[in-house]
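# Descriptive analysis of the structure
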Amino acid sequence: MDRRALYAALVEARIPGGYYRIEGVHEPAPTPPDFLFVRRGGDGAWETGAFERGTHEVLARHPDEATACAHLLSLLV
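Residues numbered from 1 in each chain as written. Predicted model: local features only at pLDDT ≥ 70, side-chain atom pairs only at ≥ 80, totals over all residues. Heavy atoms only, no water.

### Here's the deal with the overall build of the protein
Helices and strands together make up the secondary structure of the protein, namely two helices and four strands. For the protein, the sequential pattern of α-helices and β-strands runs α-β-β-β-β-α. Relative to the 2.2 N^0.38 estimate, which gives 11 Å for 77 residues, the radius of gyration of the protein is 11 Å and therefore close to what a compact globule would have. Considering the protein as a whole, with its 77 residues, one finds that 32% of them fall into the buried category. Nonlocal contacts in the protein, meaning residues at least 24 apart in sequence, comprise 25% of its contacts between residues at least 6 apart. Summed over all atoms, the accessible surface of the protein reaches about 4,600 Å², with 51% contributed by carbon and sulfur. Measuring between centres, the 8 positive side-chain charges of the protein sit 3 Å from its 11 negative side-chain charges. (Helix = DSSP H or I, 4+ residues; strand = E, 2+ residues; numbered from the N terminus. Rg over C-alpha atoms; globule rule 2.2 N^0.38 Å. Buried < 20%, exposed > 50% of the residue type's maximum accessible area, 1.4 Å probe, protein only. Contact = heavy atoms within 4.5 Å. Areas by Shrake-Rupley, 256 points an atom, 1.4 Å probe, with all protein chains shown as cover. Lys, Arg positive; Asp, Glu negative; His and termini not counted. Charge placed at Lys NZ, Arg CZ, Asp CG, Glu CD.)

Here is the structure:
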């Protein structure tokens, strides 16, 4: 699963768009006060985490996009 497939799965599951941010695919505006995210880390690994109170907290680091997307999906569905 890549980020676009993740977004399609979340839309199909009717998860509100303000609950998550998928880097480069779904970036809600205005930015919600808290949400879960998937993004590429600075070293090329993928990260899933939560944005709360103005701070990104990485919950897990993944070796590839597919694993990170599967993790975010499991957190939201």
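### Quick word on helix H2 (residues 65–76)
Helix length check: H2, at twelve residues, gives a terminal C-alpha distance of 17 Å against a target of 16 Å (1.5 Å per residue), a fit within 8%. Those residues of H2 not exposed but buried are Ala68, Cys69, Leu72 and Leu76. Seen end-on, H2 carries its buried residues on one side only, within an arc spanning 100°. Residues of H2 that are buried sit in contact with helix H1 (3–12), strand S1 (20–22), strand S2 (34–40), strand S3 (46–52) and strand S4 (55–62). (Expected span 1.5 Å × (residues − 1). Arc of directions from axis to C-beta.)

### Comments concerning the pairing of S2
As paired elements, S1 and S2 share three bridges and run parallel to each other. Bridging from a neighbouring strand, Tyr20 pairs with Leu36 of S2. Sheet topology places S2 next to S3; seven bridges connect them, and they run antiparallel. Residue pairing for S3: Val38 is matched across the bridge by Thr48. Taken together, S2 and the strand that follows it, S3, pair antiparallel across an intervening segment of five residues, in which Gly44 is found at a positive phi of about 95°. (Pairing = 2+ DSSP bridges.)

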